[in-house]
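# Descriptive structure summary
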Amino acid sequence: MIIQYPQDLLAEVHQRVTGHNLAGFTPGQGKLKPDIMLVGEAPGRHEEVHNIPFSGASGKELMKMLATIGYNRENVYITSVVRQRPYSIKRVTDKKTGKVIVKKPNRTPTKKEVLAFANLFDWELEQVQPKIIVPLGNTALQRLLGAKANIGQLHGQLLEQPIQHAKKDGSGYELATINSKLVPMYHPAAVLYSRKLEPTIRDDWQQLGKYLHKIN
Ligand code: URA
């Protein structure tokens, strides 16, 4: 299912990101009360056009990994900490025509942009109630566990600890009073840049499969 976000939270986001280079709006999607909630960084160009989270090149890698532990798009929930595509503006000269063309490549969302979406993300997490949260990459991991958390150290581990929630006044984050279960993973795009990571990522998914087996 595609989640319907409350209008007041959407209006708050809209107001906070006015003037930022952000495009489209890709809602989170999947099963409520799932075993796992996958949390990415932000939609890319493919997601902006098709409005389905993780439907582009990194999505293909992600689906491959999910399938190795018996899951698919329908029996998990998929979202990201920012729901619009962050882009930068680049002016490049076309070598053939000599004309200047404007390109809008994807970029990592800023901390301010992640914070602008933080109340919306907290609301979504409350609706979804996953057994295990799976942050994919540092942007999602640091949104949940703070700036010192690092995917290179925490990938594939089962953590039980309080996660960060947005303060209602929008000024930053505070820790929850209860523990959540998390298994951080490398972002699936990491393997597109470095094939060397593939065996590690495969092992991490197998670990997640074992944790899920234990709690189910
Ligand atoms: N990267 C993300 O974090 N989310 C997507 O939906 C696609 C790429």
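As shown above, the structure is provided for reference.
Presented here is an overview of the structure given in this document. (Residues numbered from 1 in each chain as written. Predicted model: local features only at pLDDT ≥ 70, side-chain atom pairs only at ≥ 80, totals over all residues. Heavy atoms only, no water.)

A word on the pattern of salt bridges. Side chains carrying opposite charge are able to pair once their charged atoms draw close together. Applying the stated criterion across every chain, the model contains ten salt bridges. In this structure, Glu-12 engages Arg-16 in a salt bridge whose closest nitrogen and oxygen atoms are separated by 3.6 Å. Taken together, the residues span about one helical turn, with Glu-12 and Arg-16 both in helix 1 (residues 7–17) at a distance of four residues. On the accessibility criterion, Arg-16 (26% relative accessible area) is partly exposed. (Salt bridge = Lys/Arg side-chain N within 4 Å of Asp/Glu carboxyl O. Helix = DSSP H or I, 4+ residues; strand = E, 2+ residues; numbered from the N terminus. Buried < 20%, exposed > 50% of the residue type's maximum accessible area, 1.4 Å probe, protein only.)

Glancing now at the nonpolar core. Residues Ile-36, Leu-38, Leu-145, Trp-205 and Leu-208 are the most contacted members of the largest nonpolar core, which totals 53 residues. Per element, the largest residue contribution to this core is five residues, and it comes from helix 9 (residues 198–215). Residues in contact with Leu-38, not counting those within four places in the same chain, are Leu-62, Leu-66, Val-76, Tyr-77, Ile-78, Thr-79, Val-134, Leu-136 and Trp-205. (Core = buried A, V, L, I, M, F, W, Y, C linked by side-chain atoms within 4.5 Å. Contact = heavy atoms within 4.5 Å.)

For the rest of this paragraph, the subject is the environment of Gly-44. Locating Gly-44 in the fold gives a position in the loop between strand 3 (36–40) and helix 2 (45–50). Taking the C-alpha atoms as reference, Gly-44 lies 6.3 Å from Asn-106; in sequence the two are 62 residues apart. Dropping the residues within four chain positions of it, Gly-44 is found in contact with Arg-85 and Asn-106.

Our next topic: helix 1. In an α-helix, one full turn covers 3.6 residues, which means residues spaced three or four apart are oriented alike. Where helix 1 is concerned, the buried positions are Leu-9, Val-13 and Val-17. Looking straight down helix 1, one finds its buried side chains confined to an arc of 60°; they lie on one side. Looking at helix 1, the residues exposed on the side facing more than 90 degrees away from the buried face are Gln-7, Asp-8, His-14 and Gln-15. Note on helix 1: the residue one or two positions beyond its end, Gly-19, has a positive phi of about 90°. (Arc of directions from axis to C-beta.)

Right, let's get into unusual backbone geometry. Backbone geometry at Lys-33 places phi at a positive 50°, although glycine is not the residue there. Relative to the elements of secondary structure, Lys-33 occurs in the loop between strand 2 (29–30) and strand 3. Judged by its relative accessible area of 56%, Lys-33 falls in the exposed class. If you check the backbone angles, Gln-129 has positive phi at about 45° while not being a glycine. Accessibility expressed as a relative area gives 46% for Gln-129, which makes it partly exposed.

In the vicinity of the ligand, the contacting residues are Gly-40, Glu-41, Ala-42, Pro-43, Glu-47, Pro-53, Phe-54, Ser-58 and His-187. One nitrogen or oxygen atom from the main chain of Ala-42 is found 3.1 Å from a nitrogen atom belonging to the ligand. His-187 has a polar side-chain atom sitting 3.2 Å from an oxygen atom of the ligand. Here the ligand, which alone exposes 240 Å², has 93% of that area covered by the protein. Grouping the constituent residues of the shell around the ligand by class yields four nonpolar, three polar and two charged. (Near = heavy atom within 4 Å. Polar contact = N/O pair within 3.5 Å; in protein donor to acceptor, adjacent residues only side chain to side chain. Areas by Shrake-Rupley, 256 points an atom, 1.4 Å probe, with all protein chains shown as cover. Nonpolar A, V, L, I, M, F, W, Y, C, P; charged D, E, K, R; others polar.)

Bear in mind that shape data such as this cannot, by itself, settle questions of function.
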